[in-house]
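Letter by letter, the chains look like this.
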Amino acid sequence: MSSKTVTIGSKVGLHARPASVFAQAVAECGVAVMLTNAEGKTVNAASILSVLSMGIGYGDRVTLSSNDESASEALEALAQLLASELDDEKPTAAL
């Protein structure tokens, strides 16, 4: 099993848009990934509803894990994503 622990970088935590961006990235990475919070609750990281149900906030530490032998690169990329500000995009005005 591969795992990676990371501190959440989004100021709003994994709420709404950041959770959606993360869950979509997990679904597209090609390996099954689980997300575990500090209390030990583990969910399927590709499920936005499961991710939202965890109530993960800014600065919380979470662990990504996978039983897939080829998961190391995916876990590293997903950890970098979680460490960044995922709610930073500003809507652009229509021309």
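Report follows, based on the coordinates.

Cut-offs applied
Residues numbered from 1 in each chain as written. Predicted model: local features only at pLDDT ≥ 70, side-chain atom pairs only at ≥ 80, totals over all residues. Heavy atoms only, no water. Helix = DSSP H or I, 4+ residues; strand = E, 2+ residues; numbered from the N terminus. Rg over C-alpha atoms; globule rule 2.2 N^0.38 Å. Contact = heavy atoms within 4.5 Å. Polar contact = N/O pair within 3.5 Å; in protein donor to acceptor, adjacent residues only side chain to side chain. Core = buried A, V, L, I, M, F, W, Y, C linked by side-chain atoms within 4.5 Å. Buried < 20%, exposed > 50% of the residue type's maximum accessible area, 1.4 Å probe, protein only.

## A closer look at the overall build of the protein
- The secondary structure content of the protein amounts to 3 helices and 4 strands.
- Helices (α) and strands (β) of the protein occur, in sequence order from the N terminus, as β-α-β-β-α-β-α.
- Against the compact-globule benchmark of 12 Å for 95 residues, the protein has a radius of gyration of 13 Å, which places it among compact chains.
- In terms of its C-alpha atoms, the protein occupies a principal-axis envelope of roughly 50 × 25 × 20 Å.
- Relative to all contacts within the protein whose residues are 6 or more apart in sequence, the contacts with residues 24 or more apart total 69%.

## Re the side chain of Ser 66
- Secondary-structure assignment places Ser 66 in strand β4 (residues 61-66).
- Side-chain polar atoms of Ser 66 contact the backbone oxygen of Ala 32, separated by 2.7 Å.
- A polar contact of 3.1 Å, which involves the side chain of Ser 66, links it to the backbone nitrogen of Asp 68.
- Leave out the neighbours within four places in its chain, and Ser 66 touches Met 1, Ser 2, Val 31, Ala 32, Ala 71 and Leu 75.

## Focus on the side chain of Ser 65
- Among the structural elements, Ser 65 can be located in strand β4.
- Those residues in contact with Ser 65 that sit more than four places away from it in its chain are Met 1, Ser 2, Ser 3, Ala 32, Val 33, Met 34 and Leu 75.

## Describing the nonpolar core
- Counting residues in each nonpolar core, the largest one holds 22 residues, and the members touching the most others are Leu 14, Phe 22, Val 33, Leu 35, Leu 64 and Leu 82.
- At the level of secondary structure, the elements contributing two or more residues to this core comprise α1 (17-29), β4 and α3 (72-83).
- The element best represented in this core is α3, accounting for 5 residues.
- Residue contacts for Phe 22: discarding those within four places in its chain leaves Leu 14, Leu 35, Ala 45, Val 51, Leu 64, Leu 78, Leu 81 and Leu 82.

## Re unusual backbone geometry
- Of note, Ala 16 is a non-glycine position whose phi angle comes to about 50°, a positive value.
- Positionally, Ala 16 belongs in the loop between β1 (2-7) and α1.
- According to the relative accessible area criterion, Ala 16 is partly exposed, its value standing at 39%.

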